[in-house]
Each structure stands twice: as structure tokens, then as C-alpha cells.
There are 2 protein chains.
Amino acid sequence: MLQTGVIDTYTPYSVIGGKPALEEMAQLPQADLPFDINDIHIEINDRGCAIEVPLDENEQLYGFGLQFGSFTQRGLRKQPIVNDNSLKDLGYSHAPETFYVSTKGYGIIVNTARYTTFLCGSNKKLQQAEQLAGTGSSKVATSTEELYQNRENSDKVYIDVPGAKGIEIMVLTGPSLQDVVKRYNLLSGGGCLPPMWGLGFKYRVKGDASQEDVLQYARYFRENNIPCDILGLEPGWQTATYSCSYVWNKERFPDHKAMIDQLKKEGFKVNLWEHAYIHPSSPIRAAMTPYSGDFLVWNGLVPDFLMPEAREIFTNYHRGLIEEGISGFKLDECDNSNIGTGSATWCFPDMTQFPSGIDGEQMHQMYGSLYINTVDDIYRDMNLRTYHNYRGSGLFMSYMGGVLYSDMYKHKDYIQALCTQAFGGLLWCPEVREASSEVDFFHRLQTVLLSPMAMVNAWYLRYAPWLQFDYDKNGEGIFLPEAKQYEDYTRTLINMRMQLVPYLYNAFYAYRSEGTPPFRPLVMDYPEDERVMGIDNQYMIGEGLMAAPLSDNENTRIVYFPEGTWYNFYTNEKYEGNNEYEINTPFDQLPLYVKEGTLLPLAEPVPAINEETTFKLHCKVYGTSNATCQLFEDDGVTYDFEKGKYNLVTLTAANGKVDLSRDGDYNLNRYEIADCEFIK
Amino acid sequence: MLQTGVIDTYTPYSVIGGKPALEEMAQLPQADLPFDINDIHIEINDRGCAIEVPLDENEQLYGFGLQFGSFTQRGLRKQPIVNDNSLKDLGYSHAPETFYVSTKGYGIIVNTARYTTFLCGSNKKLQQAEQLAGTGSSKVATSTEELYQNRENSDKVYIDVPGAKGIEIMVLTGPSLQDVVKRYNLLSGGGCLPPMWGLGFKYRVKGDASQEDVLQYARYFRENNIPCDILGLEPGWQTATYSCSYVWNKERFPDHKAMIDQLKKEGFKVNLWEHAYIHPSSPIRAAMTPYSGDFLVWNGLVPDFLMPEAREIFTNYHRGLIEEGISGFKLDECDNSNIGTGSATWCFPDMTQFPSGIDGEQMHQMYGSLYINTVDDIYRDMNLRTYHNYRGSGLFMSYMGGVLYSDMYKHKDYIQALCTQAFGGLLWCPEVREASSEVDFFHRLQTVLLSPMAMVNAWYLRYAPWLQFDYDKNGEGIFLPEAKQYEDYTRTLINMRMQLVPYLYNAFYAYRSEGTPPFRPLVMDYPEDERVMGIDNQYMIGEGLMAAPLSDNENTRIVYFPEGTWYNFYTNEKYEGNNEYEINTPFDQLPLYVKEGTLLPLAEPVPAINEETTFKLHCKVYGTSNATCQLFEDDGVTYDFEKGKYNLVTLTAANGKVDLSRDGDYNLNRYEIADCEFIK
């Protein structure tokens, strides 16, 4: 860690940073920085803080949190600023981070909540000019694109932190890029382990649904044998939005407690939408007033979550909601509309002053994190894990059981974010709403089922989008002619997700215990393969699976297979590594590929997961006769595993069969082997 | 003027502000502020400077310099930051200004070069919250647009100047909105008076044109009797671009002096493209190095025009170019690519440090102005007026003989900018390049001929766009089947521009002497008419003309006529005021309307304008038998008029004829009356 000058009172690490998992960090291999740490220059001047970090000719950079529009970051100017829209490739996002990692095996965290600009080799300084004399070309550009393409290639990353009077820089080492990311995640205590039911299917119902509507949605899933673990309620559950009262609307929900109980009986968890802007009619409005920023959002108070008093008021009220049986929240609009249009300028201004002394700019960079921490701490105190949705995040949030989402809704960007999320300890949900065609719909559904959260967000749809993906027709209740068939496909696909739950749960355990992102781009697993360096539309899931989603209306896509042999999950077709194949995936299959040597345990699908759920495993062993697989076994809902209440289950394939053994004395047998299959 | 705290060393007024025209300002009517000046609150805090200005329920705001995407500014968050793209309605532009005006008859200038945010009634503070209790709606939004529309309406403008340790606020009074603008322009010495030839037609040739090509373009105009005053050369004239050597390219231009002389004989002025980033091979590179910013742009030095040494080096070199006969420059890329994409990140970073002590952020806000001032001062020293193109401007630039342009190229935005320019003492050119159809082409041509600079910018076109408006086909030399006919239309239209030159020249004299914008939106002339408050696609030209351009592929448009009677310039059709009419304008006419009571002098078109040019005037008198019109008469090229060397010519219509009289003893008779026509 480098420190210069007067550090800001509130930094992401001081405010958000979790408890480092020191033991686990110590188990990572030691590595040296590929440059002398003294070559990082920091200057404090009138403007703020100016930083220079060396950059080698041959390295590629990734990171800056959740990013859309760019995957490799070298040559770009990046501004990791919280915004509800990515604005091309400039760095704005729901969950940006002042953190990048390099293929040379190191990472740079600038521990600031100020709006920071990174010039990632995109700009040259005068001091480098000597080398350049005479490099001018006399070719005359005759198109605007030609004029303005970036033609620079600098040997420094320049970082601009205006307003800072001092700065903290954390330098992480590898040796590998994946090690850097692991170290980063462990710095915040490791990745999150969601409750097991969180890995099931979530459906968010229409915003104005009533109690009866919600129960009707629930019946729909159970009667049609479509698995569903979570129903999400949108703004209509409250007496007032926007901003929020946090009070159940008696007109729509005459007896919400009865509804929650009924849903619980049917195996559903209930998730509630809200945001942190407190409506004049809210019961906590008056108490919160002294602990709020001096600007309003949608006439709502902006609680200063840096004030213990604000957290307490918010927590005490929300505990009541949770105790009635709410399993988690969707925390909306905790990002910002920093850059968009002048007319859609919601959220508190950067000039907002908060009682804690922080300004709006710095609060924006941490607001989502502070908000979800406040809500999640209630669950932690109750020894309950959960798996929220939230829309603003940043540095040091890997430990948080929450998944980001967005309104942007461009499928290619959503797939790319499944790659970029991994560099910053984040989880991303490429949620499905309406679609432009059946191809578009099923490609989106396939992608979301191969993501951290399998969610259909039908907040403005009356019927499930597989019955009618068109917004207007859905509202009119006009179903697709193929509705029944598409419902069958959907059931098949969601069942497939349910089959993967034990495998995914273990991938999350690796995230928790080792910092390994459960969903990550190929460059983390194949750092030596230059052809994967730019691949942002395929990703690894756990150790043995690779996803390659189709997007938009394409009927086939090119899939690149890294070294080794790979198998089509459905057809068992083999693909030789270091090659590209053009592949079609039908609507009722997932674009999923298995690495040779993998023992893949597939659960018999269940309609929903609870503490007692046991999984009958059909094991598939790919291209080998000897393989192992680990599964994590605990109650699935509490933090008791942190006190050792869990088993590590090992599946071992040998001699044409698969055996199960347990390490741990936790008294629960969740997994049993049904059968196995060896694929040559 | 309000002042608080430690004012920045470099502010727009201290750096750019011209000499106030105190005498002319004194002639404006006196007016009171509509609020107590003490109700403007200024707070200096850790973040910077926070300002509150009262805002009445019923007032509308305009301004922030050249703006695209919004005309009325109330309810918006505006960030007047220099950028090469307007990014919707957020305030970014080539020439933004921290200056707004109100329909209540006052203007607020925040005299800072820092990136400033104005919340124009778009955000409410907690202190206003009491009034709001219970205003929440329980209607549930079911679309994203519905969610994020701005629903605030505050009684303050909040202004955020991060990084400032003090601030200067200049408050201008009316009484009318137009008076505020006049006062603002006079504060910088009044508006510019271009050389008379600057109001003729300008054609910019293809970037890679050779000496022979340029002469060929010149012959084309003369042989085909299409008026043209100025030929502009693009980057190809230099030995190296991008960045710039400023050295004539001997391969393309074996004898540029002979070419310039030849063009002069044929009545052409020559304008040269350049930008202020100095190529390694430039003769001024070495000398400029110590007076440049510490970042390069396209490997070019960024001269610190705040340093007298930098100005001197740049000036001494450019004087040589000018003395060879160059009549003006196109100063490109002196704006910024602040927000756009991370990959097209040209221009110096905000963190750049300059020898004068200014940082990149503040330099950006003034760079275009400093650059054109440096170049224009050479002309001023030579007692020569000119009329540059330039791409970055800001506060206090009304005195500058230069017109802004852009790459954005959306015709509706370009028309809107002809309205927004007027609030900030700016001039805008909606230049024509290629087009998507003949309708698009002629509508664009009509608009640019009714703008401050009548320019076709064919920098990437081999042939004139009226022969082929399609980029690719133009490059292949494939002419339109209607090329000859379109050339005829074009000639007719450009001739019409030439007919207007005396009228326009006088409108610019009013700009110079009284501060009245020659092109201005209707709200400046009809402040009592609520229906014009939002009209951003019609504008006044001088006192008696109104333009209502058609855009894109529309064949007709709705034109609103304010009070009084109006005439179609071509058909003499009458339109009654306070009404809308749907009007079609053929390709060979301009969308031009004349106000009742106007004496409109129309010159016989000339191929080009020089110091000796005389104008035979055909006078048209609309809807009255008695009318007058003033014309300004001077050498048309020097600043001698400032020493009284000019005449004011008055045309008087009475008794069925028009008489001409002169006030002044300048020995030149430019104008004579050919005939007159009275239109009832």
C-alpha cells in the first residue's frame, strides 16, 4: 500500500472494505511486481492527485468493475463513475471500480470515492516526446472516423483524482491474473455464498400486482411444474412510490402476512422492491430528516448511511418487514443518473452535503454499497444469508450476497458484463423482460440461466414473457400461437438450471473460500492463450463448464475452445481445443460446454429448494475414467458454515462408477448418487 | 458583480473578456433585478463553491452558450463543458458558457473556467420539503420512461463549482431578455463585424486537394457563375497532420504563393485549416516545447497560450503565412473529446499541467477562445478583419470574427443551434457536407445560406455535393442524373444569399454597435408571446426577416408567425400573425419571411466581394408606403470604421419611391438604388 498526503475521511476501503481473509490469502502463491514499486509516482497538486503507473508494451488491462462496451481496457480513457447507463466504453456503470488488473499479474486499486480518470496508455506525455520525433504521417484522412481513432500508445497509466489532497494506492500481486483477482476478493473476506435457494429461479411480478395476482403467479408455477424459488414484488406493494413509504399497501395487499405465509407453504421466498429515498408519508421520514443529505430525490429523503443513527432508523424499520418473512430486497436506483440527459436527472446532485461531512460525489460512488450493507446487516444479525438484487456497487463488495442488474437491456452488453463482473468481485444478472422475437427471447433466457441469478424481471408484463414476449400484446393478454410449446421449452431450460444448482453452489463456495469467481472470462483460466485475451462473450462457470451464449437474432455463433477437448453438454459432440466451431443451440438447450476431465453432478430438478432439499445426482464423467468433483454441504441458509457446520463432499469416478465421500461432521446428507455415465 | 473567497488566477473574464463598450452599454435602458441580489447565496466549502440563485415559478431560462438538444433550459441539469459532441441535452458543446438568461430580464454569469453544473430548477432541497408533505402518488409506473421523467420543480437554480476556492458572479439586468443579451455582448466590446466578403459563399475543398485541384475548383465557380468568396484548404496543405507542421506541402503545392496570387486575381480569399497541436517536424516545435502542456495530442505539443512566449512564437510564425495572402483560418479540434467513447480520446487530459499554472480542465474551457484570439490578434495588428471558422469557444467571445461548426451533422440540431447561439454572443455555421437525399441536401443548403456563414464544407468530397450528395458515389465521380438542374438551383440559392449581403452586413453592424444578435430566436423579439418561448426552429435575421428552415426529408413544415402581418419572400403571400401555417418551400427558394413595414434592400448578386464592390439595390417595401432601412458603409475589410471611417446610409421609402441618404463623410459610395417595389 502506498500513501501520500491527507487521505479522505471516507474511502471505499475504510467504509466498505470487509474483513480480509488473511489465512486464505496466505495460501496464495507469492509473487513479485513486474516493475519497481517506486516507479509509481504520486503528485499532490492544486488540482488534486496525479498518479503514474508503469505500463509494459505487451500487457493488457482489465477491470474497472462492472463494465459494458469494453472488455480489454488498454488504450482507453476510463472514468469509473457510478451511472445508470454505460455511455459506450467510457467506464460509467452501475458498479464501477477504481481498480484494474494486468495480464502481467498485478492489480492497482486507487482507494478513493472521488470521480477518477484512468488514461490506460491512451495519452502520451511531453517527456516521452523525444522518441517520437518524425513519426508524423503525411497521409490525409478523408473520413471523420479515421480522424478520431486513437493513435496513441503510452508506457504509463496516468490517473487523475481531482479534489484529492492525498491518496492511498493498493498494489496486488499475482503471480497470475486470476491470483490477483482472488487476492482482491479475499481482501474483502472472500466472495459471497448465496443461500442455496438463491441459485434457483426468480420471477419478478408486474409492478401493480395485487395480493391475489401474486398468489395466482405462484399457482401458475406450481401447476405447470415450472421451478421457481423466489417471487419478487415491485413498487406496488407500497402505499407510495416514487419515493418510498415502505408501508404495505392495504388496497392491493389486504393481508400481506397471510400471503407471505401461503407462499412460504408453497415453497416461495418473497423479495421486495424498494429504493433508499424516503417518501414524506413514510413512518421513518421524520426520524430520518436530521440524518439525510440536503437534497431530495423524488421528494424523498436521502439517508446518510455513514451516520449510525441513519442506519439504525432504517434497520429498525426494515427488521419488521424481514421478520414477517421477507427473504431479500431489490434495492433500486442506488446508482445515479450522472450522465444521461439533462431532463432525466434523478438522484441527488454531486454538490449534496451530508451530515457525516461527505459530499454527493463521494457518496454516489459508495451509495449502493452502503445501502445494501445496511439492509444485509439485518439478515446477518439474524444469521440469515440472502441474495438481493441491487443496482449500485463498487470496490470491496465481493462478500455481499447481491447481484447487479440494469435497464440498459442490450443483450450483447449483458453477456459482456458476465465477463467484466469477474475482475471486480461483482455478480451480474442479465435479467430477461420482453423480447423482439422468439430467438431474442430464448437467447436471453439461456444467458440468464447461465448467470449468477436466474431471473425473469417481468415488472411491466402481465403474463410470463414465454407466453408473449411482446410488451403491448402481453398487456392485452394476447398469447403467442406457440405459447404452450415455448412454455415447455422454458420449463426444460429452468429445470436444467435446477440440475446445475449443486455444481453452482460449490463454485460459489470456491468464491467464498478461495476468491475464485464462479463466472469468469476465459483469460482467467487460459492466460497463456493470446486468442482468449479479447473474448468477452464466453465464460467459465466453475471449473469444468464453459458458456457461449447466443445473442440477439443470430442462429449460430462461433465458439472458441481453449486447449484440451470439450464436449457439447447435450449432444456429447467433441470439440478440439485451440479451434473455433460454428454452433447452433436449440431453444430448449443451454449453450453449455464441458471440459475433458470433468465430473459433472446433475441434480434431479426440484420445484424449489429449502433447508431439507436433497439432491439425487446423475453424474456425467467426460473423457476420462478417473475424475473428482467437490460439493459443498451445509444448511444452505445461515452463516453456521463459518463456524465449521458443513461437509465437503467428494465425488470420485473410478472403475466405471462414482463414489461419494464426506469430509466434515455436519449432520446433513444433501447429496446422493443416482447413477453415472462415462462419456468418451 | 458578487465576489467571494479566493478567485482563480485565470477566469474567462480576466483571460478572454474584451474591452467593455461602456458608452453603448450606458444607452441601454436601466432595469432592476426581479429579486433581491442578496438572495443569491454563495458558500465555499471543502468540495468547492455552491451557489443558489432564486427562480420564480413562471420564468423560463435560456443560454449556456451554444447548445444542442435543448432550447429552454428550465428543469434541466446543465453542464456547460467543452466537448465535441452535445450528448443529448446535458450542456456539453463546442462553445458552452456558464451563463444563463431569464425571461424575467436578467442574466447570471458564473465567471469560472471550472467544470460547473447548473441545476435549473431540476432538484429540490430538503429545506423546501415542508411544502411537499403528502404529495406522493400511489400510481405505479409500468414503463422505464415513466419512472425516470423529471418530476421536480424547484424555486432555485443550484450551481456546483467543484474545486473552486472562490467565485465571481456577474449579474446582468434587462429590462428585456434581449437587453440582457445586448448588455452581455457589449461587455465584450459588442458583437463582431466580419469583413464584407465573409458574408459571401465559402467552399472548403477536399482534404487531399493539390494546387492544381484548388485552381480547378476556382475555375468551376467562375465558369459556372456560382458566387464564391472563399476557398478553404483542409489538412493536405501541410507537410504533416495530425498534429500540424504548419508548413506548405511542396508535393501537393509546388508554388503556393503563385496559387494564392492567382486566386486573388479571380476574387477568391484563401482560408487554411489547422489545429493547435504542434507536430515534431514543425519549425516551431523546439521553441514551443518549454511553453507547452505536459501532455501531447496526436504527438503534438499543446501550446500554453496563456504564456506570452507561446503566443509570440505562434504569432511570429503565422504572420508569415498571413503575409503571403491567407485571409483566415479554420481552427479545428480546439474543443475537446471530454465525453464520447473511451477509445476516441483525443485532446489533452484534464490533468494536464501547463507552464502558466493552469490545469487541463480550466484550459479546456478557454482553449478555443485563447487559440483564435492568438491568431486573430495578428490580423488586428495588421488592421485586417477576418472571419475564421473555429470549433471551441465560450464566454465573452462576441467580438470575435469567427463562426463555430461541428461534426455532429444532425440537421435539426444545427437549426436549433442557430437559435441557441444568440444567447451567448456566438455565431454558428450549420455547414453542409454530404446528404441522404436531394431533399436533405437542399434543406441543409437553404439553412446554411440563412446563417452567419454560408459554407459548404466538402473536405471529404471530390465534387460539389449538389452534383452528387452521396459520399461514395461522389468519390467515384458518378454524378446525379439531375446534377445540372441541382447546380442551377444551387446557383439561384447562393445568388439569393449574395442579394442579402448589404442587409446582413447592417445586421452585423447592429451586433457590433448595439449588441443585437443578427440571428436570434423569436423569443428575443416577441417576449410577450408565450407561443414563441419554445420555438427553436425559426429565427429572426436582422430586424425584418424571419427564417423557418425545413429539415431532413419533410416536404412542408409548420411556421408560426408572431403578431403583425408577414410576407412570403418569393410569392408575396400574406400570413396573419399569431397563427400557424403549413408551408412548402421549393428547392430553389429560401424559407424566408418578411415582416410588414420592412424596407428590404436586395443587391444584384456579384461573384465575389472586394473593397471596391458596389451594390445595386432593388428595394422591396412590405405592407406600407413609408419605411426606412439603414445600411452600413465602410471599406469592408479594416478596423478603420472604429475611427469613424464609415457612413450610415439610410434608405427611405415614401411617395412610391425609395431615396438614399448618407450620414458620415467616408469617401465611398457602395450602395445605389436600382429600383423599388411596393408590396401590399
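Residues numbered from 1 in each chain as written. Chains lettered and ligands numbered in written order. Predicted model: local features only at pLDDT ≥ 70, side-chain atom pairs only at ≥ 80, totals over all residues. Heavy atoms only, no water.

## Quick look at the sheet that holds strand β30 (residues 657–663) of chain B
Pairing between sheet strands relies on hydrogen bonds along the backbone, with the strands arranged either parallel or antiparallel. Residue and element names in this part refer to chain B. Let me state the cut-off plainly: Strands were regarded as paired on the criterion that DSSP finds at least two bridges between them. Under the scheme used here, helices are H or I runs from DSSP no shorter than 4 residues and strands are E runs no shorter than 2 residues, and both carry numbers assigned from the N terminus. Only the stretch in contact is used when a helix axis is fitted, and all axes are lines through C-alpha atoms; the angle between N-to-C directions ranges over 0 to 180 degrees. In what follows, residue pairs with any heavy atoms lying within 4.5 Å of each other are defined as contacts.
Here three strands make up an open sheet; going across it, the order is β28-β29-β30 and the pairing antiparallel. The open sheet is flanked by β28 (627–633) and β30, the only strands paired with a single partner. Direction aside, the axes of adjacent strands within the sheet are offset by 20° on average. Each of β28 and β29 (647–654) touches helix α13 (residues 483–514); the most contacted strand, β28, lies at about 80° to it.

## As for the interface of chain A and chain B
Selection rule: Note on definitions: buried area is the accessible-area loss of two parts on being combined, 1.4 Å probe, summed for both. The rule for a salt bridge is simple: a side-chain nitrogen of Lys or Arg has to be within 4 Å of a carboxyl oxygen of Asp or Glu. Residues adjacent in sequence count toward polar contacts only when both atoms are side-chain atoms; beyond that, a polar contact is any pair of N or O atoms within 3.5 Å, and within protein one must be able to donate a hydrogen and the other to accept it. Following the grouping adopted for this structure description, the nonpolar residues are Ala, Val, Leu, Ile, Met, Phe, Trp, Tyr, Cys and Pro, the charged ones are Asp, Glu, Lys and Arg, and the polar ones are all others, Gly among them.
Each partner contributes residues to the interface: chain A has 91 residues there, and chain B has 92 residues. Between chain A and chain B, the buried area comes to about 7,100 Å², and carbon and sulfur atoms account for 53% of it. In this structure, R47 of chain B and E361 of chain A form a salt bridge, with 2.9 Å as the shortest nitrogen-oxygen distance. The interface formed by chain A and chain B holds 20 residue pairs in polar contact (both at pLDDT 80 or more) in total. Of the residues assigned to the side of chain A that touches chain B, the class counts are 35 nonpolar, 31 polar and 25 charged.

## A few points about the packing of helix α11 (residues 438–449) of chain A against helix α13 (residues 483–514) of chain A
Residues and elements named next belong to chain A. Put simply, the rule is: With respect to orientation, any angle under 35 degrees is reported as roughly parallel, any angle over 145 as roughly antiparallel, any angle of 65 to 115 as roughly perpendicular, and every other angle as oblique. Each crossing is labelled by how the near helix is turned from the far one, with a counterclockwise turn of less than a right angle marking it left-handed and a clockwise turn marking it right-handed.
The contact between α11 and α13 brings their axes to 10 Å, and the two run at 15°. Viewed along their axes, α11 and α13 adopt a mutual orientation that is roughly parallel. As for how α11 packs across α13, the hand of that crossing is right-handed. Packed against α11, whose contacting residues are E438, F441, F442, L445, Q446, V448 and L449, the element α13 presents Y486, Y489, T490, L493, I494 and R497 at the interface. Of the residues contributing to the contact of α11 with α13, the split by class is nine nonpolar, two polar and two charged.

## Section: the confidence of the model for chain A
The criterion, for reference: The predictor attaches a confidence to each residue, and that confidence, scored 0 to 100, is pLDDT.
Mean pLDDT over chain A: 95, with 97% of residues reaching 70 or higher. Contacts of residues 132–136 of chain A to residues separated by more than four positions or lying in other chains number eight contacts, the stretch itself having pLDDT below 50.

## Considering the environment of D350 of chain A
Operational definition: Whether a residue is buried, partly exposed or exposed follows from its accessible area with a 1.4 Å probe, protein chains only, as a fraction of its type maximum: under 20%, in between, or over 50%, in that order.
Mapping D350 of chain A onto the fold places it in the loop between β14 (326–331) and α9 (360–381). Of the residues examined, D350 of chain A reaches a relative accessible area of 17% and is grouped as buried. Distance in space between the C-alpha atoms of D350 of chain A and M363 of chain A is 8.2 Å, their sequence separation being 13 residues. Ignoring any residue separated from it by four or fewer positions in sequence, one finds D350 of chain A in contact with Y115, N336, N338, D359, G360, E361 and H364 of chain A together with R47 and D160 of chain B.

## Let's talk about helix α10 (residues 411–420) of chain B
Residue and element names in this part refer to chain B. Counting buried residues in α10 gives nine out of 10 residues, a clear majority hidden from the surface. Residues of α10 that are buried: H411, D413, Y414, I415, Q416, A417, L418, C419 and T420. Against β4 (61–65), α11 (438–449), β18 (519–521) and β19 (539–541) lie the buried residues of α10.

## Here's the deal with the pairing of strand β27 (residues 615–622) of chain B
Residue and element names in this part refer to chain B. A large share of β27 lies buried, amounting to six of its eight residues. Bridge count for β27 against strand β31 (residues 671–679) is eight bridges, and the pairing is parallel. The residue bridging C619 from the neighbouring strand is C676, located in β31.

## Focus on a negative patch on the surface
Residue and element names in this part refer to chain A. Basically, it comes down to this: Candidate patch residues must exceed 30% relative accessible area and have no salt bridge, after which like charges are joined if within 9 Å and Val, Leu, Ile, Met, Phe, Trp or Tyr side chains if within 5 Å. Note on areas: Shrake-Rupley, 1.4 Å probe, and residue coverage restricted to the protein chains presented here. When charges are counted, Lys and Arg contribute as positive and Asp and Glu as negative, whereas His and the chain ends are disregarded. By convention, the point assigned to a charge is CZ for Arg, NZ for Lys, CD for Glu and CG for Asp.
Taken together, the side chains of E604, E672, D675 and E677 make up a negatively charged region of the molecular surface. Locating E672 in the fold gives a position in strand β31 (residues 671–679). Judged by its relative accessible area of 40%, E672 falls in the partly exposed class.

## Notes on the pairing of strand β6 (residues 96–102) of chain A
All names here are of chain A. Here β6 lies mainly inside the structure; seven of its seven residues are buried. Covered by surrounding structure in β6 are P96, T98, Y100 and S102 together with E97, F99 and V101, the residues of both alternating faces. As paired strands, strand β4 (residues 61–65) and β6 are joined by four bridges and run antiparallel to one another. Note on β6: the bridge partner recorded for L61 is S102. Bridge count between β6 and strand β7 (residues 106–110): four bridges; the pairing is antiparallel. Pairing of Y100 across the sheet is with I108, part of β7. If you look at the hairpin formed by β6 and β7, you'll find three residues sitting between the two strands, and G105 has a positive phi there, around 85°.

## Describing the packing of aromatic side chains
Cut-off, in case you're wondering: Within 6.5 Å between ring centres, the rings of Phe, Tyr and Trp (the latter by its six-membered ring) count as paired, and their orientation is classed by plane angle as stacked under 30 degrees, edge-to-face over 60, tilted in between. Think of it as a cone above the ring: NZ of Lys or CZ of Arg counts as a charge over the ring if it is within 6 Å of the ring centre and within 35 degrees of the ring normal.
Taken as a whole and judged by the stated rule, the model has 132 aromatic pairs over all chains. When the ring centre of F569 of chain A is taken as origin, the NZ or CZ atom of K620 of chain A, which lies over that ring, is 4.4 Å away.

## A few points about the state of the cysteines
Our working rule: Working definition: a disulfide is two cysteine sulfur atoms within 2.5 Å of each other.
In this structure the tally under the stated criterion is zero disulfides over all chains. In this structure C347 of chain A is not part of a disulfide, and its nearest cysteine sulfur, from C334 of chain A, lies 8.8 Å away.

## Some thoughts on the relation of the copies chain A and chain B
What relates the pair of chain copies is a rotation about an axis plus a shift along that axis. Convention followed: The fit set for superposing copies consists of C-alpha atoms from residues with pLDDT of at least 70 in both; the fit itself is least squares.
For the match of chain A to chain B, the screw axis carries a shift of 0.0 Å, the RMSD comes to 0.0 Å, and the turn is 180°. Look at the turn and shift together and you get a two-fold axis relating the two. Across chain A, the rotation axis passes nearest the C-alpha of G163 of chain A, at a separation of 3.1 Å. Interface overlap between copies is the fraction of interface residues in one copy that are interface residues in the other; for chain A against chain B it reaches 100%, indicating a shared surface.

## Notes on the pattern of salt bridges
Residue and element names in this part refer to chain A. The tally for this structure, following the rule as stated, stands at 60 salt bridges over all chains. Between R204 and E234 there is a salt bridge, with its nearest N and O atoms 2.5 Å apart. With R204 in strand β11 (residues 201–204) and E234 in the loop between β12 (230–233) and α6 (256–265), this pair connects stretches of sequence that are 30 residues apart. Classification of R204 as buried rests on a relative accessible area of 0%. The buried category is assigned to E234, whose relative accessible area is 2%. The structure contains a network of salt bridges with shared partners spanning D332, D335, R391, D407, E431 and R433.

## Here we look at the packing of helix α10 (residues 411–420) of chain A against α11 of chain A
All names here are of chain A. For the pair α10 and α11, interaxial distance at closest approach is 11 Å and the crossing angle is 15°. Here α10 is positioned roughly parallel relative to α11, judged by the angle of their axes. Between α10 and α11 the crossing geometry is left-handed. Across from H411, I415 and L418 in α10, the residues of α11 making contact are H443, R444 and T447.

## Description of the environment of L66 of chain A
Residues and elements named next belong to chain A. Structurally, L66 is set in the loop between β4 and β5 (77–78). Among the residues examined, L66 registers a relative accessible area of 0% and is labelled buried. Considering only alpha carbons, one finds L66 and S393, 327 residues apart in sequence, at a separation of 8.8 Å. Setting aside residues up to four positions removed in sequence, L66 forms contacts with S93, A95, L404, A417, T420, Q421, L426 and W428.

## Remarks on the sheet that holds strand β7 (residues 106–110) of chain B
Residues and elements named next belong to chain B. What the five strands build is an open sheet, ordered β1-β10-β7-β6-β4; its pairing is antiparallel. Both edges of this open sheet fall to β1 (2–5) and β4, since each of them pairs with a single strand only. Strand after strand, the sheet turns through a mean of 15° between neighbouring axes, direction not considered. Its contacts with the sheet put helix α4 (residues 177–187) on β4, β6 (96–102), β7 and β10 (166–173), and the angle it makes with β10 is roughly 125°.

## Regarding unusual backbone geometry
Residues Y242 of chain A and S243 of chain A are joined by a peptide bond in cis, for which omega reads -10°. Following the sequence through the fold, S243 of chain A ends up in the loop between β12 and α6. Notably, K88 of chain A is not glycine yet its phi reads approximately 60°, a positive angle. Position of K88 of chain A among the secondary structure elements: in the loop between β5 and β6. Backbone geometry at N383 of chain B places phi at a positive 55°, although glycine is not the residue there.

## Quick word on helix α8 (residues 308–323) of chain B
Given 3.6 residues per turn, any residue in an α-helix points the same way as the ones three and four places further on. Residues and elements named next belong to chain B. Counted only if it meets this: Here, expected helix span is obtained from the residue count minus one, scaled by 1.5 Å.
Over its 16 residues, α8 extends 22 Å from the first C-alpha to the last, a length consistent with the 22 Å expected when each residue adds 1.5 Å. Turning to α8, its buried residues number three or more, namely A310, I313, F314, T315, H318, L321 and I322. Against the buried residues of α8 lie β13 (269–274), α7 (285–288), β14 (326–331) and α9 (360–381). The positive-phi residue at the C-terminal boundary of α8 is G325, with phi of around 120°.

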